[in-house]
Amino acid sequence: METLQNERLQILQQQQQERSKCLVYTRVMGYHRPVESFNIGKQGEHKQRTLFNERHGQTAF
């Protein structure tokens, strides 16, 4: 397991120059906003959210 993590880290470090920043948007009060623009408290709330699968009525992981 540890060797797999080391291998992934090496790949990420090798490809660092080609990576680009990804903006995550979420729906807030009827419109979409980037999570990056939230204050620290709201960013923490966003990380704690669980995804809900409407078809099955269960939380998705």
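A brief look at the structure comes next. Just so you know, these numbers come straight off a predicted model, no measurement behind them. (Residues numbered from 1 in each chain as written. Predicted model: local features only at pLDDT ≥ 70, side-chain atom pairs only at ≥ 80, totals over all residues. Heavy atoms only, no water.)

## Side note on the overall build of the chain
Okay, so step 1: Tallying secondary structure elements over the chain gives 2 helices and 4 strands in all.
Okay, so step 2: Going residue by residue from the N terminus, the α and β elements of the chain occur as α-β-β-α-β-β.
Okay, so step 3: Each of the 61 residues in the chain was classed as buried or not, and the buried ones make up 5%. (Helix = DSSP H or I, 4+ residues; strand = E, 2+ residues; numbered from the N terminus. Buried < 20%, exposed > 50% of the residue type's maximum accessible area, 1.4 Å probe, protein only.)

## Some remarks on the pattern of salt bridges
Okay, so step 1: Inspection of every chain in the model, using the stated rule, returns 2 salt bridges.
Okay, so step 2: In this structure, the salt-bridge partner of Lys21 is Glu36, at a minimum N-O distance of 2.4 Å. Of this pair, Lys21 sits in the loop between α1 (2-14) and β1 (25-28) while Glu36 sits in the loop between β2 (31-34) and α2 (40-48), placing them 15 residues apart in sequence.
Okay, so step 3: Salt-bridge contacts for Lys42 lead to Glu45; the nearest nitrogen and oxygen are separated by 3.4 Å. Of this pair, Lys42 and Glu45 both sit in helix α2, 3 residues apart, which is roughly one turn of the helix.
Okay, so step 4: Overall, Lys42 belongs to the partly exposed group, its relative accessible area being 43%.
Okay, so step 5: For Glu45, a relative accessible area of 42% translates into the label partly exposed. (Salt bridge = Lys/Arg side-chain N within 4 Å of Asp/Glu carboxyl O.)

## Description of the environment of His32
Okay, so step 1: Relative to the assigned elements, His32 resides in strand β2.
Okay, so step 2: Classification of His32 by relative accessible area gives exposed; the value is 56%.

## Digging into the pairing of β2
Okay, so step 1: As judged from the 4 bridges shared by β1 and β2, these two strands associate in the antiparallel manner. Within β2, the residue paired with Val28 across the bridge is Tyr31.
Okay, so step 2: Connecting β1 to the antiparallel partner β2 that follows it, the hairpin turn spans 2 residues, and Met29 within it adopts a positive phi of roughly 50°. (Pairing = 2+ DSSP bridges.)

## Notes on the side chain of Thr26
Okay, so step 1: Mapping Thr26 onto the fold places it in strand β1.
Okay, so step 2: For Thr26, a relative accessible area of 10% puts it in the buried group.
Okay, so step 3: A polar contact is formed between the side chain of Thr26 and the side chain of Arg49, at a distance of 3.0 Å.
Okay, so step 4: Leave out the neighbours within four places in its chain, and Thr26 touches Tyr31, His32, Arg33, Val35, Phe38, His46 and Arg49. (Polar contact = N/O pair within 3.5 Å; in protein donor to acceptor, adjacent residues only side chain to side chain. Contact = heavy atoms within 4.5 Å.)

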